[in-house]
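The lines below spell out each chain.
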Amino acid sequence: MKYIYFLITLFTISLIASIINPKEGFTCFLEVIPAVIGFIILAFTFKKFRFTNFTYTLILIHCIILFIGGHYTYAEVPLFDYIKEAFHQSRNNYDKVGHFAQGLVPAMIIRELFIRKQVISNQSFFNFIIVSICLAISAAYEFIEWFVSIATGDGGDAFLGTQGYVWDTQSDMLFATIGAISGLILFSKIQDKCIQKIDFNKTIK
């Protein structure tokens, strides 16, 4: 439980830092609010279903990525401005980090839910279904960005963060898909060990 409190503390500090003198207040709100909503949902469901510490850590990392994007706007994160200049890129690509995480982290959340709740009996389609759900989430988020842009006009431009790139929407979904696949390849065994540890502790009790 101490580790959970540690994660909550980091979340709170990062959230506060992100909303102090942000580049654009409205954009900061739009980027930060999903993390806040997610935190509230996880808090209310904590007693009914507690994820592994590993999954909670990934969720925190995703939140911090959102907070940084909210504070600076995705098109003006300083480190990626430097990368842009150093590698002669045409745009600030921090938003691709965000969309990569948008695929990776939900993939691990869904995977843990599926395993512990025994949602899918046929393991042959297990990873395919997870990646498909992550792609659907990414597409739904693009719909939200589209709606916000139409509803707010110029006010939503920083939220979109296209920076004049005509294939931004498609590349965002591609990076989310790559993120989901990468998460399943890189972290499945680690997550399995964490899940087994939880189940073992329950058996002991």
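None of these values were measured; they are calculated from a predicted model. (Residues numbered from 1 in each chain as written. Predicted model: local features only at pLDDT ≥ 70, side-chain atom pairs only at ≥ 80, totals over all residues. Heavy atoms only, no water.)

Engineer: Teacher, can you tell me more about helix α6 (residues 126–152) here?
Structural biologist: Given 3.6 residues per turn, any residue in an α-helix points the same way as the ones three and four places further on. End to end, α6 covers 39 Å across 27 residues, agreeing with the expected 39 Å (1.5 Å per residue, within 8%). Residues F126, I130, V131, C134, S138, A139, Y141, E142, E145, V148 and S149 constitute the buried set of α6. (Helix = DSSP H or I, 4+ residues; strand = E, 2+ residues; numbered from the N terminus. Expected span 1.5 Å × (residues − 1). Buried < 20%, exposed > 50% of the residue type's maximum accessible area, 1.4 Å probe, protein only.)

Engineer: Can you walk me through the pattern of salt bridges in this structure?
Structural biologist: Once the charged atoms of two side chains with opposite charge are near each other, the side chains can pair. Here the structure, examined in full by the defined rule, presents 8 salt bridges. In this structure, R91 engages D95 in a salt bridge whose closest nitrogen and oxygen atoms are separated by 3.0 Å. Where D168 meets R91, a salt bridge forms, and the shortest distance between an N and an O atom there is 3.2 Å. Here R91 lies in the loop between α4 (78–86) and α5 (94–117) and D168 lies in helix α8 (residues 168–204), a separation of 77 residues in the sequence. For D168, a relative accessible area of 2% puts it in the buried group. (Salt bridge = Lys/Arg side-chain N within 4 Å of Asp/Glu carboxyl O.)

Engineer: I would appreciate a short explanation of the nonpolar core in the present structure.
Structural biologist: If you look at soluble globular proteins, the nonpolar side chains tend to sit buried side by side. F11, Y56 and F67 are the most contacted members of the largest nonpolar core, which totals 28 residues. Counting only elements with at least two residues in this core, the list comes to α1 (2–19), α2 (25–44), α3 (53–72) and α5. Beyond its immediate stretch of four places on either side in the chain, Y56 contacts I4, L7, L42, F46, F49, R50 and F51. Counting 10 residues, the second-largest nonpolar core is a separate cluster that includes A107, F114, I120 and V131. (Core = buried A, V, L, I, M, F, W, Y, C linked by side-chain atoms within 4.5 Å. Contact = heavy atoms within 4.5 Å.)

Engineer: Could you clarify how one ought to interpret the side chain of T52 in this entry?
Structural biologist: With respect to the helices and strands, T52 occurs in the loop between α2 and α3. Since its relative accessible area comes to 2%, T52 is described here as buried. Ignoring any residue separated from it by four or fewer positions in sequence, one finds T52 in contact with E112, R116, C194, I195 and I198.

Engineer: Where do I start with the packing of α1 against α3 in this structure?
Structural biologist: Relative orientation and spacing of two packed helices are given, respectively, by the angle between their axes and the distance between those axes. Between α1 and α3, the least distance of the axes is 9 Å, while the angle of their chain directions is 5°. Between α1 and α3, the crossing angle belongs to the class labelled roughly parallel. Contact with α1, carried on its side by Y3, I4, L7, L10, F11, S14, L15, A17 and S18, involves N53, Y56, T57, L60, C63, I64, F67 and H71 of α3 and no other residues of that element. Partitioned by chemical class, the residues of the contact of α1 with α3 number 12 nonpolar, 5 polar and no charged. (Axes fitted to C-alpha atoms, helices over the stretch in contact; angles between N-to-C directions. Parallel < 35°, antiparallel > 145°, perpendicular 65-115°, else oblique. Nonpolar A, V, L, I, M, F, W, Y, C, P; charged D, E, K, R; others polar.)

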